[in-house]
Amino acid sequence: MAAETPDLMFPVPEFSDHPIPTATIPEVQGEMGPVLDVAILFAALCLASYFTLVSRSRRNVLLLTIASLLWFGFWRQGCVCPIGATQNVALAVFDPTYVVPLAVVAFFILPLVFTLFFGRTFCASVCPLGAMQELIAVRSVAVPRWLDHSLGLVAYIYLGAALIFAATRTGFIICRYDPFIAFFRLGGNTDMLIFGSCILMIGVFVGRPYCRYLCPYGAILRVLSCFSKWRLSIPPGTCINCQLCEDACPYGAIHPPTVAQTPGARRRGKRQFGFALIASPFLVAGFWWLGTTLAVPLAQWHPESRLAEQMRLEELGIAETTTDASDAFRGSPRSVDELYQSALTRRNDFVTLGGLLGAWTGLVIGFKLIYLSVRRRREDYQADRAGCVSCGRCYWYCPVEKVRLGLISDVSEALPAGRTPTGPLVQLTAGGKKP
Ligand code: SF4
Ligand code: SF4
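Residue indices follow the written sequence of each chain, beginning from 1 at its first position. Written order decides the labels, with chains lettered from A and ligands numbered from 1. Local features in a predicted model are, by the rule used here, given only for residues with pLDDT of at least 70; side-chain atom pairs are given and counted only at 80 or more, and totals for whole chains, interfaces and linings are based on all residues. Side-chain measures were taken over the full set of non-hydrogen atoms in the model, leaving aside hydrogen atoms and water.

K.L.:
Could you clarify how one ought to interpret the overall build of the protein in this entry?
P.N.:
Put simply, DSSP marks the helices as runs of H or I at least four residues long and the strands as runs of E at least two long, and each gets a number from the N terminus on. Tallying secondary structure elements over the protein gives 21 helices and 2 strands in all. Buried residues in the protein amount to 45% of all 435 residues. Across the protein, the fraction of contacts at a sequence separation of at least 24, relative to all contacts at a separation of at least 6, is 80%. Reported accessibility uses the Shrake-Rupley method at a 1.4 Å probe radius. Residues are deemed covered only where the shown protein chains occlude them. When the accessible surface of the protein is summed, it comes to about 23400 Å², and 67% of that surface belongs to carbon and sulfur atoms. Here the term buried applies to any residue with accessible area under 20% of the maximum for its type, exposed to any over 50%, and partly exposed to those in between, with areas from a 1.4 Å probe on protein chains only. Between two residues, a contact is recorded if the distance between any of their heavy atoms is within 4.5 Å.

Have a look at this one:
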């Protein structure tokens, strides 16, 4: 039998009365476009790392943030971006027939490599989504620690769901629910415009809500940042424990010095650690079971399952109108039984995948409980390895940094009235060295 041409398999639908919408994806830039994008990303990462760790210039970090927002956000319209590239890479890993462009791979890998060396400098001033939120974080309030930790788990669960949906060709949900894409493209779905506006409004009072509680790529960067070779230090020299950096950080990413523990508190800490350790396997098992029960709703996200459901409703006469997808299906050589069988296979797949997503959720919660139950001793204010986005606000306010820059001659000049530092108050000469 002669092979059917694509035209016969999928007849061209009749769209003569369909208004052609304005393109909402960036124009192809020619062969050099992706190379230019990668070169600019690399240069921006180098500059961000230099500004945050070496020159420690909050002003330059801010200027680079604005430039990145204009280039990667509004000019390149948020595409290609490392956050979305996570899905392309996941699909390429699970489906060898999917070809992922090298530029997309580079966008995915470069920020990860830089994070392993320098911390989250990508988040500091290169990511356009982070930049958008950075510029509006003007009246941030402190989020209670328990709420901050709980909401922070959502990003990891979202990451797991996004990888599963991408690997099964169910959809690229990170791109579909990118809160700022409608702003970058100056148009888009009303629901996404509303979602993006809500994130921005919340972002005025809660620093970087998308970065802290939703971004799946940020979840990977948080983990890698814990192992980074170099990272931002708040004072350039001795910390005087004045607390100004903690007040300045809008992201709750600074830990204060710890106090000596009483024997009772130490015993309580040990009990909590033991409880977290024992509870973790049960959490994994419990969420695995919960995940398997979500197979049907999860599978409904897959286009094949949605089409099968639509065909079923049409065949039963429940659906009053057909859809473009069901019309196109009727014009294809596939039978309805084949479609139902395919949808059933998807549902069975999602029993396993839902279980995996559930187990991942349990693992993340268990790990968080263990992490929180381990007490770390600190003698001064320190940036959280995972949560610090290297924005540089803290050292901008740090009196020791101001002495280093020669802006003041004594740290006491920068302290608010009534603020008494509890650390070793040393007189620093310009240059940050002890006299
Ligand atoms: S956390 Fe995500 S959105 Fe925020 S700056 Fe980092 S990569 Fe961008
Ligand atoms: S650089 Fe400082 S102010 Fe910025 S997120 Fe890190 S700890 Fe907070």
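K.L.:
Help me understand the site of ligand 1 in this model?
P.N.:
A cutoff of 4 Å decides nearness: a residue is near a molecule or strand if any of its heavy atoms lies inside that distance of it. Not every one of the 13 residues close to ligand 1 is listed here, only the nearest: Arg-120, Cys-123, Cys-127, Cys-211 and Cys-215. Broken down by secondary-structure element, the contributors of at least two residues to the shell around ligand 1 are helix 6 (121-125), helix 7 (128-136), helix 12 (209-213) and helix 13 (216-225). Each residue belonging to the shell around ligand 1 can be placed in one class, and the counts come to 9 nonpolar, 2 polar and 2 charged. Each residue gets one label: Ala, Val, Leu, Ile, Met, Phe, Trp, Tyr, Cys and Pro are nonpolar, Asp, Glu, Lys and Arg are charged, and the others, such as Gly, are polar.

K.L.:
Even after reading the chapter, I still don't get a nonpolar patch on the surface, so can you show me in this structure?
P.N.:
Like charges within 9 Å and nonpolar side chains (Val, Leu, Ile, Met, Phe, Trp, Tyr) within 5 Å are joined into patches, using only residues over 30% in relative accessible area that form no salt bridge. Throughout this description, the term salt bridge denotes a Lys or Arg side-chain nitrogen within 4 Å of a carboxyl oxygen of Asp or Glu. Taken together, the side chains of Ile-109, Val-113, Leu-116, Phe-117, Val-223, Phe-227 and Trp-230 make up a nonpolar region of the molecular surface, amounting to roughly 640 Å² of accessible area. The element best represented in the nonpolar patch is helix 5 (residues 102-118), accounting for 4 residues. Within the secondary structure layout, Trp-230 lies in the loop between helix 13 and helix 14 (244-248).

K.L.:
What is the right way to look at the environment of Trp-301 in this model?
P.N.:
Within the secondary structure, Trp-301 sits in the loop between helix 16 (295-299) and helix 17 (303-315). Trp-301 sits in the partly exposed class, given a relative accessible area of 37%. For Trp-301 and Gly-171, which are 130 residues apart along the polypeptide, the C-alpha to C-alpha distance reads 7.7 Å. Discounting chain neighbours no more than four positions away, the residues touching Trp-301 are Phe-165, Thr-170, Ile-173, Tyr-177 and Arg-306.

K.L.:
Can you walk me through unusual backbone geometry in this structure?
P.N.:
The general pattern is negative phi for most residues beyond glycine and trans for most peptide bonds. A cis amide bond, omega 10 degrees, links Cys-79 with the succeeding residue Val-80. For Arg-169, which is not glycine, the phi torsion reads 60 degrees and is therefore positive. For Arg-208, which is not glycine, the phi torsion reads 45 degrees and is therefore positive. Within the element layout of this structure, Arg-208 appears in the loop between helix 11 (190-205) and helix 12.

K.L.:
Help me understand the packing of helix 2 (residues 32-54) against helix 3 (residues 58-75) in this model?
P.N.:
To obtain each axis, a line is fitted to C-alpha atoms, and for helices this fit is confined to the stretch in contact; angles are then taken between N-to-C directions over 0 to 180 degrees. Packing of helix 2 against helix 3 leaves a shortest axis separation of 10 Å and a crossing angle of 165 degrees. Of the possible angle classes, the one that applies to helix 2 and helix 3 is roughly antiparallel. Relative to helix 3, the crossing made by helix 2 is left-handed. Residues Leu-36, Asp-37, Ile-40, Leu-41, Ala-44, Leu-47, Ala-48, Phe-51 and Thr-52 of helix 2 touch helix 3, and the partners they reach there are Asn-60, Val-61, Leu-64, Trp-71 and Phe-72. Orientation labels follow simple angle bins: below 35 degrees gives roughly parallel, above 145 gives roughly antiparallel, 65 to 115 gives roughly perpendicular, and whatever is left gives oblique. The hand of a helix crossing depends on one turn: near helix anticlockwise from the far one by less than a right angle means left-handed, and clockwise means right-handed.

K.L.:
Is there a simple way to think about the site of ligand 2 in this case?
P.N.:
Taken together, 13 residues are adjacent to ligand 2, and Cys-249, Cys-388, Cys-391, Gly-392 and Cys-394 come closest. Space inside and on the surface of the protein is sampled on a 1 Å grid over the protein atoms alone, with a cavity defined as a set of points where a 1.4 Å probe fits but cannot get out and a pocket as an open set with protein on both sides within 12 Å along at least 5 of 7 lines; lining residues have an atom within 4 Å of a point. Being in a pocket or cavity means that more than half of the molecule's atoms lie within 2 Å of its grid points. Spatially, ligand 2 is embedded in the largest cavity. Looking at the shell around ligand 2, its residues break down into 10 nonpolar, 2 polar and 1 charged.

K.L.:
Help me understand the nonpolar core, please; the structure alone is not making it clear to me.
P.N.:
Soluble globular proteins tend to pack their nonpolar side chains together in the buried interior. Only buried Ala, Val, Leu, Ile, Met, Phe, Trp, Tyr and Cys residues count toward a nonpolar core, and they belong to the same one when joined by side-chain atoms within 4.5 Å. Among the nonpolar cores identified, the biggest contains 70 residues, and Ile-83 and Phe-122 are the most heavily contacted of them. The biggest single contributor to this core is helix 5, with 7 residues. Discounting residues that sit within four places of it in the chain, Phe-122 has contacts with Leu-41, Leu-45, Pro-82, Pro-111, Cys-127, Tyr-217 and Leu-221. Judged by nonpolar contacts, the second largest core, of 9 residues, contains Val-400, Val-403, Ile-408 and Val-411.

K.L.:
Whenever I open this one, helix 7 confuses me. Can you help?
P.N.:
Think of an α-helix as 3.6 residues a turn; residues three or four steps apart then line up on the same face. Burial analysis of helix 7 places 7 of its 9 residues in the buried class, which makes it a mostly covered element. Within the span of helix 7, buried status applies to Pro-128, Leu-129, Gly-130, Ala-131, Met-132, Gln-133 and Glu-134. Turning to helix 7, the residues buried within the fold contact helix 3, helix 4 (82-94), helix 10 (181-184), helix 11, helix 12 and helix 20 (393-397).

K.L.:
Sorry if this is basic, but what is going on with empty space enclosed by the protein here?
P.N.:
To locate leftover empty space, one rolls a probe as large as a water molecule over the atoms. Grid points are joined across faces, edges and corners, and a volume is the space filled by probe spheres set on the points. Throughout the structure, instances matching the rule amount to 4 cavities of 30 Å³ or more. Size it by volume and the largest cavity reaches roughly 90 Å³. Lining the largest cavity are 14 residues; nearest its centre among them are Cys-249, Ala-253, Cys-388, Cys-391 and Cys-394. Looking at the lining of the largest cavity, its residues break down into 11 nonpolar, 2 polar and 1 charged.

K.L.:
Help me out: how do you make sense of the side chain of Arg-58 in this one?
P.N.:
Mapped onto the elements, Arg-58 comes out in helix 3. Sequence-distant contacts of Arg-58, that is, excluding residues within four places in its chain, are made with Glu-134, Cys-391, Gly-392, Arg-393, Tyr-395 and Trp-396.

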